[in-house]
Amino acid sequence: MSNIIIDSRFDSGSIDVMTVHQASAMLRLKHDKDSEFKQWFHFRVANCGGRELVLKIVGLNDSAYPAGWPDYNACVSEDRDFWGRATSSFDKDEEGGTLTIRYTPTGDLVWFAYFAPFSTDRHHDLIAECASAEGVSHRKLGETFDGQSIDCLGLGEGETQVWLYGRQHPGESMAEWWMEGALQVLCDPSDTLGRALRQKCRFNIVPNCNPDGSTRGHLRTNAKGVNLNREWAEPSAERSPEVLAIRNAMDETGVHFAMDVHGDEAIDAVFLAGYEGIPSWSDEHGERFYRYQRILERRSPDFQTAKGYPKSGPGQANLTISTNQVAERYAATAMTLEMPFKDNADYPDELQGWSPDRCKMLARECLGALLEWLESDEG
Ligand code: ZN
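Residues numbered from 1 in each chain as written. Predicted model: local features only at pLDDT ≥ 70, side-chain atom pairs only at ≥ 80, totals over all residues. Heavy atoms only, no water.

Topic: the side chain of Asn344
Part 1 of the argument: If you trace the backbone, Asn344 turns up in the loop between β17 (333–340) and α8 (356–378).
Part 2 of the argument: The class of Asn344 is buried, set by a relative accessible area of 1%.
Part 3 of the argument: Side-chain polar atoms of Asn344 contact the backbone nitrogen of Asp346, separated by 2.9 Å.
Part 4 of the argument: Excluding residues within four positions of it along the chain, Asn344 makes contact with Asp268, Pro301, Asp302, Trp354 and Arg358. (Helix = DSSP H or I, 4+ residues; strand = E, 2+ residues; numbered from the N terminus. Buried < 20%, exposed > 50% of the residue type's maximum accessible area, 1.4 Å probe, protein only. Polar contact = N/O pair within 3.5 Å; in protein donor to acceptor, adjacent residues only side chain to side chain. Contact = heavy atoms within 4.5 Å.)

Structure representation (structure tokens):
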């Protein structure tokens, strides 16, 4: 039998092929350029011929998040539209930590990825569709090292300045699926939730803060190997033009409510992180975040508060992180939304795990919670 053929020369593609034998292969992750981070993969397998593929990604104990591999199933697609999960198992004692993916495709060709990819083309389709909708404006906030645009959509006639932005960490593609869901609500003139929010708010939406990292197939950094979510205290044209452009635009509008959308490699749940420990912390300011969190928890079975990140102690907040900087700088109600790469363990989906559709449904719930949060503040 002939060997399978593995390649990754396409948008967000990334894998290092070590050996191939018939329908089996040994693979390694690539590092983000000029960076220690490695976790994202996206490749295709050709010449499958109806055989069971056995793909081993080795050396994972020194990946960015080793805890991301136990109980993780790789994403797989045969049409690049529907992404299911391929049964995978992790053995930390095999070849420096090995994820073994087993899958029998129906055809000759199949794609694998760390999470359902959100391509550069799909980003431009989304921006074009929204920018042509009634009452939606588009601004290019800035440019990346690779010459890509930082796109920002503006909509709504209200006074509450809302910033929604995602994919500072480009491998967290679930963030842009969430953005697509949010924009569907907000740009649809027949959607009452969107209409009510547009009356109350001015939305500034950056669906992808890190297009270079996205196109290059990075997990966590831009084209210079910089982690953008550690640049918010002192963004610079030399290291982080993406953050500099977005923060400058925020300085112009001010910020009342901000959500920075991410994915978490290890935790099998959806959760929020707030801004405990910022210098100007007050219980009243913090309560605005906690109130939003309670509303979202009541509305969405996919959201919970038992699992999440430890809170910073008084004065200990890291102001290089976007949520802390935005909360401190603008006295905003700011938060980081984290979705799982694995699944929501409370409501597992064997076929797809956490999926693009669930990202979009969660976005709608987050917006519903925002409307309720605004209305209950008035009442
Ligand atoms: Zn992240």
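Past the structure itself, the notes keep going.
A look at the pairing of strand β14 (residues 201–206)
Part 1 of the argument: By the criterion of burial, β14 is predominantly enclosed, with five of the six residues buried.
Part 2 of the argument: The pairing of strand β12 (residues 149–155) with β14 spans three bridges and is antiparallel. Bridged to Leu155 within β14 is Phe203.
Part 3 of the argument: Here strand β13 (residues 160–166) runs beside β14; their pairing, made up of six bridges, is parallel. Within β14, the residue paired with Trp163 across the bridge is Asn204. (Pairing = 2+ DSSP bridges.)

Section: empty space enclosed by the protein
Regions of empty space are outlined by a rolling probe, equal in size to a water molecule, passed over the atoms.
Part 1 of the argument: Summed over the entire model, instances satisfying the criterion amount to two cavities of 30 Å³ or more.
Part 2 of the argument: When its volume is computed, the largest cavity comes out at roughly 40 Å³.
Part 3 of the argument: What lines the largest cavity is Cys75, Trp83, Gly84, Arg85, Phe115, Ala116, Gln352, Trp354, Ser355 and Pro356.
Part 4 of the argument: Residue composition of the lining of the largest cavity, grouped by class: six nonpolar, three polar and one charged.
Part 5 of the argument: By volume, the second largest cavity is sized at about 30 Å³.
Part 6 of the argument: If you trace the second largest cavity, you find it lined by Leu164, Trp178, Phe257, Met259, Tyr292, Cys366, Leu367 and Leu370.
Part 7 of the argument: Secondary-structure elements contributing two or more residues to the lining of the second largest cavity are β15 (257–264) and α8.
Part 8 of the argument: Counting residues per element, the lining of the second largest cavity draws most heavily on α8, at three residues. (1 Å grid on protein atoms, 1.4 Å probe; cavity = no way out; pocket = protein on both sides within 12 Å on 5 of 7 lines; lining within 4 Å. Points joined across faces, edges and corners; volume = space filled by probe spheres on them. Nonpolar A, V, L, I, M, F, W, Y, C, P; charged D, E, K, R; others polar.)

A look at the sheet that holds strand β16 (residues 271–273)
To summarise the sheet geometry, strands pair through backbone hydrogen bonds and adopt either a parallel or an antiparallel arrangement.
Part 1 of the argument: Spatially, the seven strands line up as an open sheet ordered β11-β12-β14-β13-β15-β17-β16, and their pairing is mixed. The strands lining the two open edges of the sheet, one partner per strand, are β11 (137–143) and β16. Neighbouring strand axes in the sheet, compared pairwise and without regard to direction, differ in orientation by 25 degrees on average.
Part 2 of the argument: Bridging between β16 and β17 involves three bridges; their strand directions are antiparallel. (Axes fitted to C-alpha atoms, helices over the stretch in contact; angles between N-to-C directions.)

Focus on the coordination of the zinc ion
Part 1 of the argument: Taken together, the protein donors to the zinc ion comprise His169 (ND1), Glu172 (OE), Glu172 (OE) and His262 (ND1), at separations of 2.1 to 2.4 Å.
Part 2 of the argument: The site at the zinc ion holds four donor atoms, and with the angles between them running 57 to 147 degrees, its shape is irregular.
Part 3 of the argument: Donor residues for the zinc ion sit on one chain with the sequence pattern H-x2-E-x89-H. Residue His169 is located in the loop between β13 and α2 (174–187), and its partner His262 is located in strand β15; the two are separated by 93 residues in the primary sequence.
Part 4 of the argument: His169 gets classed as buried once you look at its relative accessible area, which sits at 3%. (Donors = N, O, S within 2.8 Å, 3.2 Å for Na, K, Ca; no water. Tetrahedral: all angles 85-135°; square planar, octahedral: opposite > 155°, others 65-115°.)

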